[in-house]
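Structural overview
If you want the building blocks of each chain, they are given just below.
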Amino acid sequence: GVGLALCQRLLEEDGRIHLCIACRNVQKSEATRDLILATHPAAQVSTVEVDLGNLASVLRAAQELRCRFQRLDFVYLNAGIMPNPQVNFKALWHGLLTGKVLHMLTTAEGMMTQTDRLTGDGLQEVFTTNLFGHFILVRQLQSLLCGNEKPSRLIWTSSSNARESAFSLSDYQHAKGQESYSSSKYATDLTSVILNRKFNNQGLYSSVVCPGLVMTNMTYRILPVFLWKLLMPIMWLIRFFAKTYTLTPYNGAEAHVWLFKQKPEYLDLLVKYHSCTTGLGRCYVEPRKMDVDEDTAEKLYQKLLELEKQILEKYSELLD
């Protein structure tokens, strides 16, 4: 997916960096490491096991990273799930009749529903994996991210599907709705905004990106494989009209890599950076202002801190 493409592209930018791949599956992380070393044999690549949906795993991984490293320059928060995705064909047909179908196809607005479930910690799985697990990880790694000679960076993989209408502060885990993915990505945007307010003065900067529509394992679960094969020629044609149809993981990582080369002090922290591809396949990055309210971001942050306190009390034996 985008994570592997990102690792390979970062090494093309700077072969001196030390990559640490965080995966929940040890065998897959080692296989990914081997793939990277096959094309970059001199690269420094290590792995750490972490399941973002399991908060004990997150705390153990953070402890291991604190033992291994003195600082972290970049943390790419790319893990995400979309369990049991379903296409709302009725909404799609309505979009076709009302002329909104292209907007729906590029943002999935009103098109996608998911069936969420609870984690072992009693939290909503999509919220935990897509946002809260990352939040706990960042909080536990603050000593490696803040106060360094050079700024450290958080780069979150968000989505054009992040919509305020899918998010509610009173149900920030999205236990009562059917658009948990959209809600979690909007909460991601809010969290990035508030982290900048809290930590820029300590040398930590946060940005969000959208990889566009990329064909990965997550995407292939939305429809049967044979349907995707039938649709692919149409999708390549749509790209002439919908620049966010990046389609390949390499193209989807464009904004991630672009941010790797920027000075964070000069970035607009209320912007989401979108990976885009022209109809003829040229990659570029398009900044778009996020539809976020900073007061809402502050209120969500306080709720995340309250939930974090409960989790740390539960797993106090895993803390230093």
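Source: prediction; values computed, not measured.

Structural notes on the packing of aromatic side chains
Geometrically, a pair of aromatic rings is defined through the distance of the ring centres and the angle of the planes. In total, this model carries eight aromatic pairs according to the counting rule given. Geometrically, the ring pair formed by Phe127 and Tyr172 is edge-to-face, given 5.5 Å between the ring centres and 70 degrees between the ring planes. In this pair, Phe127 is assigned in helix α6 (residues 125–140) and Tyr172 in the loop between β6 (152–157) and α8 (180–199), connecting sequence segments 45 residues apart. An identical accessibility class is assigned to Phe127 and Tyr172; each is buried. With a centroid separation of 6.2 Å and an interplanar angle of 15 degrees, the aromatic rings of Phe132 and Phe135 are classed as stacked. One end of the pair is Phe132 and the other is Phe135, both in helix α6 and three residues apart, which spans about a single turn. Comparing Phe132 with Phe135, the two get one shared label, buried. An aromatic cluster of at least three residues, connected via ring pairs, comprises Phe127, Phe132, Phe135, Tyr172 and Tyr301. We note Arg9 situated over the ring of Tyr250; from NZ or CZ to the ring centre the distance is 4.1 Å.

Remarks on the state of the cysteines
In total, this model carries zero disulfides according to the counting rule given. No disulfide involves Cys20; its sulfur sits 9.4 Å from the nearest other cysteine sulfur, which is in Cys23. On the accessibility criterion, Cys20 (29% relative accessible area) is partly exposed. Lacking any disulfide linkage, Cys283 is separated from the closest cysteine sulfur, that of Cys276, by 9.5 Å.

Observations concerning the sheet that holds strand β7 (residues 204–210)
One open sheet accounts for five strands, arranged β3-β6-β7-β8-β9; its pairing is mixed. Pairing within the sheet leaves two strands with one partner each, and these edge strands are β3 (74–77) and β9 (283–289). The sheet shows a mean angle of 25 degrees between the axes of neighbouring strands, direction not considered. Sheet topology places β6 next to β7; six bridges connect them, and they run parallel. In the strand pairing of β7, Thr157 is matched with Val209.

Thoughts on the UniProt feature "coiled-coil region" (unreviewed entry) in the chain
Those places that UniProt annotates as "coiled-coil region" (unreviewed entry) correspond, in this numbering, to residues 290–317. With 75% helix and 0% strand, residues 290–317 has end C-alpha atoms that lie 39 Å from one another.

Focus: the packing of α6 against α8
At a closest axis distance of 8 Å, the pairing of α6 and α8 adopts a crossing angle of 20 degrees. It follows from the interaxial angle that α6 and α8 lie roughly parallel. In this structure, α6 crosses over α8, and the sense of that crossing is right-handed. Where α6 approaches α8, its residues Val126, Asn130, Leu131, Phe135 and Arg139 are matched on the opposing element by Ser180, Tyr181, Ser184, Lys185, Ala187, Thr188, Thr191 and Phe199. Residues that form the contact of α6 with α8 fall into these classes: six nonpolar, five polar and two charged.

Structural notes on the pattern of salt bridges
Throughout the structure, instances matching the rule amount to 16 salt bridges. Close ionic contact of Lys314 with Asp121 constitutes a salt bridge, the shortest N to O distance being 3.1 Å. One end of the pair, Lys314, is in helix α13 (residues 294–314); the other, Asp121, is in the loop between β5 (112–113) and α6, with 193 residues separating them in the sequence. Salt bridges sharing partners connect three or more residues here, namely Arg197, Lys198, Glu294 and Glu298.

Rules used in this analysis
Residues numbered from 1 in each chain as written. Predicted model: local features only at pLDDT ≥ 70, side-chain atom pairs only at ≥ 80, totals over all residues. Heavy atoms only, no water. Phe/Tyr/Trp six-rings, centres within 6.5 Å; stacked < 30°, edge-to-face > 60°. Helix = DSSP H or I, 4+ residues; strand = E, 2+ residues; numbered from the N terminus. Buried < 20%, exposed > 50% of the residue type's maximum accessible area, 1.4 Å probe, protein only. Lys NZ or Arg CZ within 6 Å of the ring centre and 35° of its normal. Disulfide = S-S within 2.5 Å. Pairing = 2+ DSSP bridges. Axes fitted to C-alpha atoms, helices over the stretch in contact; angles between N-to-C directions. UniProt positions renumbered as here; feature names shortened; annotations may be inferred. Parallel < 35°, antiparallel > 145°, perpendicular 65-115°, else oblique. Left-handed = near helix turned anticlockwise from the far one by under 90°. Contact = heavy atoms within 4.5 Å. Nonpolar A, V, L, I, M, F, W, Y, C, P; charged D, E, K, R; others polar. Salt bridge = Lys/Arg side-chain N within 4 Å of Asp/Glu carboxyl O.

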